[in-house]
Amino acid sequence: MFLHNKRLMHTVRVDSPNPQFGQLLLEQFGGPNGELAAAMRYFTQAWNEPDGERRSMLADIATEELSHLEMVGQAIVMLMKGSPASELDKVEGDYLGDLLDGKHEDYVALSTAAPASVLSGGGPALTDSAGNRFTADWIDTLGEPSADLRSDIAAEARAKIVYERLIKQCNDAALKASLNFLMTREIAHQQMFEAALASITDNFPPGTLPGDERLGHLYVHDSDGSGPSSPADGFALAERHKGEWGFELDEDPIARAADQTIL
Ligand code: MN
Ligand code: MN
């Protein structure tokens, strides 16, 4: 059951209207690493999660992502309409009305730079920043907790980086504070999913079939040695950070492959 609490999770402020940045921010509204995608990713996993604690965490984070979606949507509207606190004059001067009616002096430039925001009447569209429509194709829930949690960790890492890139492009101090809040929460989520994955003992390899013991530790040396880098580099890297797994070098994959002739 959901009840809508009308307070935002964190106050959103925008110093100045900026439709172009609103367009960019759509990436975190209806984009592949955005808040709607995150909420749907974790909801779909929560319903199918057999462990009560992990199910609870997934539902909590899914719900928080919807709260983030509210904040991003509010920010996009403010970037179109102006912040009530500092841009009242512009709003009362019908900044948005002029913009949407094509009367704003910069209408063509703003429309070209921010078509989705302008053509959706100043509200957030269910698209990414390039106008691609939101799609479930972006959500890769598989229904196996250790595989899904690894994907969730990567999704949170991507969300953090997208916010970081937006913050670096943002020259609006008030909005930057809101984006910093959102970015930081994705850091927290990444750590929560790391903890959830660690709660699954024997989480590698994923699933129940163990794999072929002769192949699972093999580092196949697939470089021919003619390039500028040392052909042993990749194996050295794997060896240095192998943990308990261990690798053995397949020195001559061509000779091994020759054992199996394709007719
Ligand atoms: Mn989020
Ligand atoms: Mn998150």
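Everything quoted here is computed from the prediction, not taken from an experiment.

1. So, the coordination of the manganese ion (ligand 2)
Inference 1: At the metal site, the manganese ion (ligand 2) is ligated by E65 (OE), E156 (OE), E156 (OE), E186 (OE) and H189 (ND1), and these contacts range over 2.0 to 2.4 Å.
Inference 2: The sequence pattern formed by the donor residues of the manganese ion (ligand 2) is E-x90-E-x29-E-x2-H.
Inference 3: Between the two metals, the manganese ion (ligand 2) and the manganese ion (ligand 1), the spacing is 3.7 Å, and E65 donates to both. Here the residue E65 occupies a position in helix α4 (residues 52–81), and E186 occupies one in helix α10 (residues 173–198), the gap between them amounting to 121 residues.

2. Some points on the coordination of the manganese ion (ligand 1)
Inference 1: Here the manganese ion (ligand 1) is held by the protein donor atoms E35 (OE), E35 (OE), E65 (OE), H68 (ND1) and E186 (OE), which lie 2.0 to 2.7 Å from it.
Inference 2: The sequence motif formed by the donor residues of the manganese ion (ligand 1) is E-x29-E-x2-H-x117-E.
Inference 3: Accessibility expressed as a relative area gives 0% for E65, which makes it buried.

3. Concerning the side chain of R41
Inference 1: Relative to the assigned elements, R41 resides in helix α3 (residues 35–47).
Inference 2: A polar contact is formed between the side chain of R41 and the side chain of S151, at a distance of 3.0 Å.
Inference 3: Here R41 is in contact with W138, I139, D140, T141, S151, D152, A155 and R158, once residues within four sequence places are set aside.

4. Structural notes on the environment of A173
Inference 1: Positionally, A173 belongs in helix α10.
Inference 2: With a relative accessible area of 55%, A173 lands in the exposed category.
Inference 3: Along the backbone, A173 and D15 are 158 residues apart, and their C-alpha atoms lie at a distance of 7.0 Å.

5. Details of α3
Inference 1: If you check α3, its first and last C-alpha atoms are 19 Å apart, about what 13 residues at 1.5 Å a residue would give, namely 18 Å.
Inference 2: The element α3 is extensively covered by neighbouring structure, given that 10 of its 13 residues are classed as buried.

6. Some details on the packing of helix α9 (residues 145–169) against α10
Inference 1: Relative orientation of the contacting elements α9 and α10 amounts to 160 degrees, with a least axis distance of 9 Å. Comparing the axis directions of α9 and α10 gives the class roughly antiparallel. Where α9 crosses over α10, the handedness of that crossing is left-handed.
Inference 2: Within the contact of α9 with α10, the residues separate by chemical class into 14 nonpolar, 4 polar and 8 charged.

Procedures and definitions
Residues numbered from 1 in each chain as written. Chains lettered and ligands numbered in written order. Predicted model: local features only at pLDDT ≥ 70, side-chain atom pairs only at ≥ 80, totals over all residues. Heavy atoms only, no water. Donors = N, O, S within 2.8 Å, 3.2 Å for Na, K, Ca; no water. Helix = DSSP H or I, 4+ residues; strand = E, 2+ residues; numbered from the N terminus. Buried < 20%, exposed > 50% of the residue type's maximum accessible area, 1.4 Å probe, protein only. Polar contact = N/O pair within 3.5 Å; in protein donor to acceptor, adjacent residues only side chain to side chain. Contact = heavy atoms within 4.5 Å. Expected span 1.5 Å × (residues − 1). Axes fitted to C-alpha atoms, helices over the stretch in contact; angles between N-to-C directions. Parallel < 35°, antiparallel > 145°, perpendicular 65-115°, else oblique. Left-handed = near helix turned anticlockwise from the far one by under 90°. Nonpolar A, V, L, I, M, F, W, Y, C, P; charged D, E, K, R; others polar.

Any link to function would need more than the numbers given here.
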